[in-house]
Amino acid sequence: AKAALRCMCEMGVLTSAELIARDEAYRATLVSLLQSQAQQVSLQAPLQKIFEAAESLLQSHAIYFEPRVGKNGFNKPERAQMVGFLDEENGQRRLCLIGGGAPLLVAVREHYAGLGEHLDVPLENFRNDLGHAGLLVTDGNGKKTVSLHTPAGQVRLVVLLTGKAE
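Just so it is clear, the structure is predicted and the values come from calculations on it, not from any experiment.

About the thresholds
- Residues numbered from 1 in each chain as written.
- Predicted model: local features only at pLDDT ≥ 70, side-chain atom pairs only at ≥ 80, totals over all residues.
- Heavy atoms only, no water.
- Salt bridge = Lys/Arg side-chain N within 4 Å of Asp/Glu carboxyl O.
- Helix = DSSP H or I, 4+ residues; strand = E, 2+ residues; numbered from the N terminus.
- Buried < 20%, exposed > 50% of the residue type's maximum accessible area, 1.4 Å probe, protein only.
- Pairing = 2+ DSSP bridges.
- Phe/Tyr/Trp six-rings, centres within 6.5 Å; stacked < 30°, edge-to-face > 60°.
- Lys NZ or Arg CZ within 6 Å of the ring centre and 35° of its normal.

Structural notes on the pattern of salt bridges
A full pass over the atoms with the stated rule returns four salt bridges. Among the ionic pairs, Glu117 bridges to Lys49, the shortest N-O distance being 3.1 Å. Pair noted here: Glu117 is in the loop between helix H3 (102-114) and helix H4 (123-132) and Lys49 is in helix H2 (residues 16-59), with a separation of 68 residues, a long-range link. With relative accessibility at 37%, the residue Glu117 sits in the partly exposed group. The class of Lys49 is partly exposed, set by a relative accessible area of 28%.

Observations concerning the pairing of strand S3 (residues 92-97)
Extensive coverage of S3 is indicated by the burial of five of its six residues. With six bridges joining them, strand S2 (residues 81-89) and S3 adopt antiparallel strand pairing. Opposite Asp87, over in S3, you have Arg94 as the bridge partner. With antiparallel pairing between neighbouring strands as the criterion, S2 and S3 make up a hairpin whose turn holds two residues, including Asn90 at a positive phi of roughly 55°.

Structural notes on the packing of aromatic side chains
Evaluated as defined, the whole model comprises zero aromatic pairs. The positively charged end of Lys49 is found above the aromatic ring belonging to Tyr112, 4.8 Å away from the centroid.

Observations regarding unusual backbone geometry
Residue His61 is not a glycine yet carries a positive backbone phi of 60°. Within the secondary structure, His61 is located in the loop between H2 and strand S1 (63-67). With a phi close to 55°, Arg79 is a non-glycine residue in the positive phi region. Examined against the element boundaries, Arg79 turns out to sit in the loop between S1 and S2.

The following block contains the structure:
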C-alpha cells in the first residue's frame with residue numbers, strides 16, 4: 001500500500017502532505033488491528049490457564065469428575081473435590097460442571113495462589129469465554145446451562161464438549 005501511495009505522489013495524484021496523512025492513517029489502522037488481535041488472544045489466555053490448572057489438579061487427585069451414569073469401576077479419589085460429572089452423549093464426551101463451574105474456578109484459583117500467582121476470572125467471564133471458544137453446550141433456548149439428570153436429581157449444569165468418546 002505504501003508503494004502505491006508513493007507512486008501516486010510521484011505521478012502528482014497526491015501531494016506530499018496527503019501522502020504523509022494517508023501513511024499515518026495506514027499505520028494507525030495496523031496498530032489498531034494488532035491491538036485488537038492482542039486483546040482477543042489475551043481473552044483466551046485465562047481459559048487456557050484454567051484448563052492447564054484443571055489438568056494439574058486432576059493428575060494430583062485434588063479434583064475429580066464423577067461419571068454421571070454407569071459408575072462401575074469408579075473410585076472417588078480420597079480428599080478430592082468433585083467439580084462435575086463426566087458424561088457421554090451421541091458419541092461426544094462431555095464435562096458437566098456443577099455450580100455453574102464455580103467449584104472448578106475456586107480450585108483453580110487456590111492452585112495458582114499456591115504457586116504465588118493470581119488468577120481472577122469472574123464466573124460469568126469463564127462461561128462467556130467457554131462459549132466464545134466453542135466449548136459450551138447450550139440448551140435449545142440459548143441458555144448457558146443444560147438440564148440433566150444426576151444422582152442428586154434433575155439439575156442445570158454447565159456442559160462442555162471435550163471430544164469424541166473412545
